[in-house]
Amino acid sequence: MTESATIVWFRNDLRLHDHPALTAAVKRGGPVIALFILDDAAAGRWKLGGASRWWLTKSLEALSHDIAQRGARLILRRGDTESILKRLVDESGVTAIYVTRSYEPWATGMEEKLHKSFGGSGVVFKRFGGRLLREPEDLRTSSGAAYQVFTPFWRAFRKEFSAPKALAAPRHLGSVPDAIASDDISDWKLAPTKPDWSGGLAEAWRPGERGAQLRLKNFVSEGLANYDDGRDRLYAEGTSRLSPHLAFGEISPAACWRAAAEASHQTHGGDGAVETFLKELAWREFSYALLFQFPQMPDEPLRDEFAAFPWAKSSANLKEWQRGLTGYPVVDAGMRELWATGYMHNRARMIAASFLTKHLLLPWTSGEAWFWDTLVDADLANNAANWQWVAGCGADAAPYFRIFNPVLQGEKFDPDGDYVRRWVPELQRLPSADIHKPWAADATTLKRAGVVIGKNYPFPIVDHKEARARALTAYDRVKSGKRG
Ligand code: FAD
C-alpha cells in the first residue's frame, strides 16, 4: 500500500458527512482504511448494553454500505485496540491513524497511550473534534475552573458561538487490498437471537447516517416550531428523537445545530423553540464536560455527602420497576416504552428515575445500569449526568427534596391518558380522570374497564405519602452526615 494511506478509526462517529478526521485523511491523499474495533474489555463495566449492540450492528451495516459505494471497505476487527491497530499498521504500512476524540474515561486514557506509543514508532496518531460542538477544555470560568452549573456554562457556550461549516462526505475513498481481512458483522452476534426481542426496536428506528439525516430533516420541518410546547407532552412526538443517532455519531451535533439555527433565521430570527432546542444540545455538551472533568461520574456521586446515603437493597422492587409493574401508570408506561422501543420520553425518564431513587430509595446506579442496557441512546455522559441530576447528587442537580408525585406528573403531562393507554394496555378502557390512579377508581368504573387491581394491574408498590416521608428522612441523614 502507498505510504500516504491513512487509517480512519471509527468509534462513536459512524458517519461520512461532517467528519473532520475523515476529511483530513482524504485531504492527506492516498487511500483510507476505514476501521471499526469492538473492544469490550477496554470499556469494562460500561461495555455496550444489549439495545446498543443491536443498534451498532445496524449502524455498521449502513456505514459499510456507504463506504463500499465510495470504492472502499469498512474493516471490522474485535479485540484489544492497541494490538489490532499495531497489527493493521504492520499489515498495511500506513503512516497515520486519524480518530475522532472521545471523552469516556477509558477512551481518553487509551488515546493518550496510543499517542505516545505510535509517536515513538513514527506513525502519526492524530485526534480530531466532531463529537461535540465545543471541546471541554475550551470553556472555563474566570478562575480557570470547569463549569459545574449549567446556566453560566450555557451563557459562556452561547456567546459568539456559531457551528462550524459543514464538511461534505468524501466521494471516493480508494480501495483497500483484499489481503487486509475484516470480520463479518454477523460473526460478532451482537443482535439478539434467543429470544429476538428487537422487533419493537426495528419498527421504531432506522439506524445509520441516512436515517439520522431524515430524522433531523423531518424534525426541523415538522416538530421544531412546536418544540417549546411539545417537548413535555408524553404522547406526542414533540422531540427530535435524534439521541441514538447522536450517541453513535451518525449525525454531528454541528449538523443539528446548523439545521435548527437556519430554521430560526427563516422564522424571523431567534425564535424561542429553536433556542430551547439548541439549549438541549448544550445540555449534552455540559454532560460531556462534566464527565471529562469527573471521570468517576458514572460510578460515584459528585456530591460527597451522598456517599453516605442509606440506599435500599430490594431486588423485588427493582424488578417491578424494570418491568413496569409499580402500580403507578405513568412510571409503568415509561418503563414499558423503554423495553419495547429502546427509548423513553425525557419527561418519563425523569419521573421513572425519581420514582426509583426517591419512592423506592434504590441506588441511582442501579437505574443507570438498567438504562445503559436497554436504551438505544445509552450514552455514558448523558446517562450518568442525568441520573445524578434526578437523584440530587450531581454537580448542578435538582434538589433531593423535590419529589415528583407520579399521579400529578401523569395528569399534567399525559392529561388524556394516551401515553398510558399506549403502553399499559390493561388500563386502556379506564376514563382519563382515573387512568393515573386506577386504585382510587370506583368499583363500577373498574368493572366496566375490565381492571382488577391486584390481578391484571398491580396495587401501587409503595404509598406516595409514606414513600415521600421516608425519602425525606433518608435525605436528612445525609444532610446531618450520619451513616447507614
Ligand atoms: P430532544 O429533546 O430532541 O433533544 C435533542 C438532543 O439534545 C437529544 O438528542 C440529546 O442529545 C440532547 N439532550 C436533550 N435533553 C438532554 C438532557 N437532559 N441531557 C443531555 N442531553 C440532552 N440522553 C441520552 O442521549 N442518553 C442517555 O443515556 C440518557 N439517559 C438519561 C437518563 C435519565 C434518568 C434522564 C432523566 C435523561 C437521560 N437522557 C439521556 C437525556 C434525555 O432524556 C434524552 O437525551 C432525550 O430524551 C432524547 O430524546 P430526543 O433526542 O428526542 O431529545
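This text goes with the structure placed above it.
Bear in mind the structure is a predicted one, so any value in this text is a computation, not a measurement.

A. Here's a closer look at the packing of aromatic side chains. In this structure the tally under the stated criterion is 40 aromatic pairs. Judged by centre distance (5.5 Å) and plane angle (70°), the rings of Phe 150 and Phe 286 are edge-to-face. Of this pair, Phe 150 sits in helix α6 (residues 150-158) while Phe 286 sits in helix α12 (residues 272-293), and the two are 136 residues apart along the sequence. Given a relative accessible area of 4%, Phe 150 falls into the buried group. With a relative accessible area of 2%, Phe 286 lands in the buried category. By the ring-pair criterion, three or more aromatic residues cluster together here, those being Tyr 147, Phe 150, Phe 153, Trp 154, Phe 157, Phe 161, Trp 257, Trp 283 and Phe 286. Across the ring face of Phe 157, the terminal group of Arg 134 is positioned such that the distance to the ring centre comes to 5.8 Å. Of note, Arg 422 hangs over the ring of Trp 423, and the distance from its end group to the ring centre comes to 4.0 Å.

B. Just the sheet that holds strand β2 (residues 32-38), in detail. Pairing is parallel in the open sheet, where 5 strands are placed in the order β3-β2-β1-β4-β5. The sheet is open, and its two borders are formed by β3 (74-78) and β5 (124-128), each paired with just one other strand. Between one strand axis and the next, the sheet turns by 25° as a mean value, whatever way the strands run. Bridging between strand β4 (residues 96-100) and β5 involves 5 bridges; their strand directions are parallel. Bridge pairing in β5 links Val 99 to Arg 127.

C. Spotlight on the packing of α12 against helix α17 (residues 380-391). Taken N-terminus to C-terminus, the directions of α12 and α17 make an angle of 90°; their axes are 8 Å apart at the nearest point. Classified by the interaxial angle, the pair formed by α12 and α17 is roughly perpendicular. In this structure, α12 contributes Trp 283, Arg 284, Ser 287, Tyr 288 and Leu 291 to the contact, and α17 contributes Leu 380, Ala 381, Asn 382, Ala 385 and Trp 389. Tallied by class, residues from the contact of α12 with α17 come to 7 nonpolar, 2 polar and 1 charged.

The rules behind these values
Residues numbered from 1 in each chain as written. Predicted model: local features only at pLDDT ≥ 70, side-chain atom pairs only at ≥ 80, totals over all residues. Heavy atoms only, no water. Phe/Tyr/Trp six-rings, centres within 6.5 Å; stacked < 30°, edge-to-face > 60°. Helix = DSSP H or I, 4+ residues; strand = E, 2+ residues; numbered from the N terminus. Buried < 20%, exposed > 50% of the residue type's maximum accessible area, 1.4 Å probe, protein only. Lys NZ or Arg CZ within 6 Å of the ring centre and 35° of its normal. Pairing = 2+ DSSP bridges. Axes fitted to C-alpha atoms, helices over the stretch in contact; angles between N-to-C directions. Parallel < 35°, antiparallel > 145°, perpendicular 65-115°, else oblique. Contact = heavy atoms within 4.5 Å. Nonpolar A, V, L, I, M, F, W, Y, C, P; charged D, E, K, R; others polar.

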